[in-house]
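Here are the chains, one letter per residue:
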Amino acid sequence: MSADALAAAHPKDPTVSVLEVRDLTVVTGGHTLLEDVTFSLGPGERVGLIGESGSGKSLTALAVMGLLPEGLTATGTVQLRGVETDLLRIGERERSGLRGRRLGMVFQEPMTALNPLMRVGNQVAEVLRIHGTVDDREDATQRAQRLLADVELPDPGRIARRYPHQLSGGQRQRVMLAMALANGPDVLICDEPTTALDVTVQAQMLQLIAAGVADRTSGLLFISHDLPVVATVCERLLVMYGGRIVEAGPTEELLTRPRHPYTEGLLAASDLEAVDDQGRLPTIPGAVPPDGRFPSGCVFRNRCPRGDEACTVWPGWSGSDGDGVACWYPSEGRHG
Ligand SMILES: Nc1ncnc2c1ncn2[C@@H]1O[C@H](COP(=O)(O)OP(=O)(O)OP(=O)(O)O)[C@@H](O)[C@H]1O
Ligand code: SF4
Ligand SMILES: [Mg+2]
């Protein structure tokens with residue numbers, strides 16, 4: 001089925017998940033990088049994916065977008081709006097038809113995603129024309145300027161004529177967001193979109209992302225290692241460690257009653273009130289294995305204060321897709 005036919009066969013239905021990821025597993029050369037990653041996004045729902053560096057957040061985004069680097073293989077299923085066709089199994093041509101149209105993405109460093117030799121207004125207009133949203137060149141130019149205005153770029157007519165290197169980092173991020181939202185995607189994925197920005201610009205960008213998602217009822221997957229940032233944008237959180245989701249739940253509950261020792265560690269590490277005399281935050285003992293080889297059984301067991309013999313076996317998931325924990329000894333909380 002072509003991307004057009006896929007989109008036409010499944011018009012926006014507010015009752016169907018916009019994105020359903022099941023048992024997503026990514027391997028390279030016999031080494032597992034992601035294992036059984038399962039989650040879904042409802043229409044207009046904002047879900048945060050958090051975890052330390054090397055936990056598998058970006059790989060999750062790239063697998064969903066069909067942009068995994070060469071040598072990495074994905075299995076599982078990734079479905080858009082209940083579409084029977086599995087995005088992991090359709091051809092690259094169909095998938096690239098869905099990218100930029102049904103799936104939008106904003107990366108940490110927009111220079112890698114923008115064409116350095118093309119004026120940014122033309123790049124936004126091209127996204128509209130490639131996907132057939134607007135046929136006429138002049139209309140596309142006008143629409144591109146409106147999109148640049150929507151992301152609150154001052155004097156969008158002037159900005160549109162600039163090349164990426166003539167913009168600040170924050171302005172480039174806004175251009176990326178305009179491109180990602182241009183065709184009203186079902187799903188917007190933002191991977192560390194504000195990490196390189198200063199605090200004020202970061203706050204503006206977060207507001208724009210939240211507003212852009214709300215206007216278009218797109219589902220948002222917001223990736224960051226920065227828990228307080230994710231918590232301001234997302235109503236539900238997925239906590240990832242060692243290529244696995246180890247806890248999931250509503251933001252408020254997860255922040256007040258975390259159950260997994262790793263989530264507890266992340267929270268302690270972002271609690272400004274826990275700063276010591278020298279101004280240092282508590283950190284989670286140990287580190288993510290630099291070679292990406294996590295222990296067998298529970299992936300967190302070599303850093304966990306509560307682990308014992310039982311933890312040499314993977315604990316499995318208890319709870320539902322959107323609310324649960326993978327731990328033999330979770331803290332008392334949402335599931336009693
Ligand atoms: N092309 C690749 N080949 C082999 N291993 C890879 C490749 N890309 C990523 N990995 C490994 O997969 C693991 C997860 O990487 P990923 O980039 O998803 O982490 P992340 O959670 O996004 O971290 P960060 O916060 O630093 O962006 C890491 O151990 C990384 O070394
Ligand atoms: S399963 Fe065991 S090692 Fe893993 S997080 Fe739970 S208590 Fe710690
Ligand atoms: Mg990353």
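What counts as what
- Residues numbered from 1 in each chain as written.
- Chains lettered and ligands numbered in written order.
- Predicted model: local features only at pLDDT ≥ 70, side-chain atom pairs only at ≥ 80, totals over all residues.
- Heavy atoms only, no water.
- Near = heavy atom within 4 Å.
- Polar contact = N/O pair within 3.5 Å; in protein donor to acceptor, adjacent residues only side chain to side chain.
- Areas by Shrake-Rupley, 256 points an atom, 1.4 Å probe, with all protein chains shown as cover.
- Helix = DSSP H or I, 4+ residues; strand = E, 2+ residues; numbered from the N terminus.
- Nonpolar A, V, L, I, M, F, W, Y, C, P; charged D, E, K, R; others polar.
- Buried < 20%, exposed > 50% of the residue type's maximum accessible area, 1.4 Å probe, protein only.
- Pairing = 2+ DSSP bridges.
- Axes fitted to C-alpha atoms, helices over the stretch in contact; angles between N-to-C directions.
- Contact = heavy atoms within 4.5 Å.
- Domains from an automatic or database assignment.
- Buried area = accessible area lost by both parts, 1.4 Å probe.
- Salt bridge = Lys/Arg side-chain N within 4 Å of Asp/Glu carboxyl O.

This brings us to the site of ligand 1. As a matter of local geometry, ligand 1 sits amid 13 residues, with Ser 53, Gly 54, Lys 57, Ser 58 and Leu 59 nearest to it. A distance of 2.5 Å separates an oxygen atom of ligand 1 from a polar atom in the side chain of Ser 53. The contact in question runs from an oxygen atom of ligand 1 to an N or O atom on the backbone of Gly 56, over 3.0 Å. Coverage of ligand 1 by the protein amounts to 63% of the 640 Å² it exposes when considered alone. It is helix α2 (residues 57–65) that provides the largest number of residues to the shell around ligand 1, a total of three residues. Here the residues of the shell around ligand 1 sort into four nonpolar, six polar and three charged.

This next bit is on α2. In terms of burial, α2 is largely enclosed, as eight of its nine residues are buried. Residues of α2 that are buried: Lys 57, Leu 59, Thr 60, Ala 61, Leu 62, Ala 63, Val 64 and Met 65. Positive backbone phi, approximately 75°, marks Gly 66, located one or two places after α2.

Okay, the sheet that holds strand β9 (residues 244–250) next. Read from one edge of the open sheet, eight strands run β5-β6-β7-β3-β8-β9-β11-β10, paired in mixed fashion. The open sheet has two edge strands with one neighbour each: β5 (103–106) and β10 (318–320). Across the sheet, the mean angle from the axis of one strand to that of its neighbour is 20°, orientation sign disregarded. Across the sheet, helix α8 (residues 199–216) is in contact with β3 (46–50), β6 (187–191) and β7 (219–224); its angle to β7 comes to roughly 155°.

For the rest of this paragraph, the subject is the site of ligand 2. Near ligand 2 you find 13 residues, and of these Cys 298, Cys 304, Cys 311, Cys 327 and Trp 328 are the closest. Grouping the amino acids of the shell around ligand 2 by side-chain chemistry returns nine nonpolar, two polar and two charged.

Turning next to the domain arrangement of the chain. Size of an interface, as often reported, equals the accessible area lost when the parts are brought together. Domain parsing of the chain yields domain 1 (3–234) and domain 2 (258–336). Taken over C-alpha atoms, the centre of domain 1 sits 29 Å from the centre of domain 2. Counting from both sides, the interface comprises 10 residues of domain 1 and, opposite them, 12 residues of domain 2. When the two sides are added together, the surface that domain 1 and domain 2 hide from each other amounts to roughly 880 Å², 54% of it contributed by carbon and sulfur. Together, His 31, Glu 52 and Leu 227 form the three largest contributors to the area buried by domain 1 at its contact with domain 2, with a combined 53%. With its nearest N and O atoms 2.9 Å apart, the salt bridge here joins Glu 52 to Arg 303. Counting every contact that joins domain 1 to domain 2 gives three residue pairs in polar contact (both at pLDDT 80 or more).

What helix α11 (residues 261–269) keeps buried is the set Pro 261, Tyr 262, Thr 263, Gly 265, Leu 266 and Leu 267. Where α11 is buried, its residues touch β3, α9 (227–233), β8 (236–241), β9 and α10 (251–256).

Further remarks concern unusual backbone geometry. Its identity as a non-glycine residue notwithstanding, Asp 23 has a phi of 50°, on the positive side. Locating Asp 23 in the fold gives a position in strand β1 (residues 19–28). For Glu 192, which is not glycine, the phi dihedral falls at a positive 50°.

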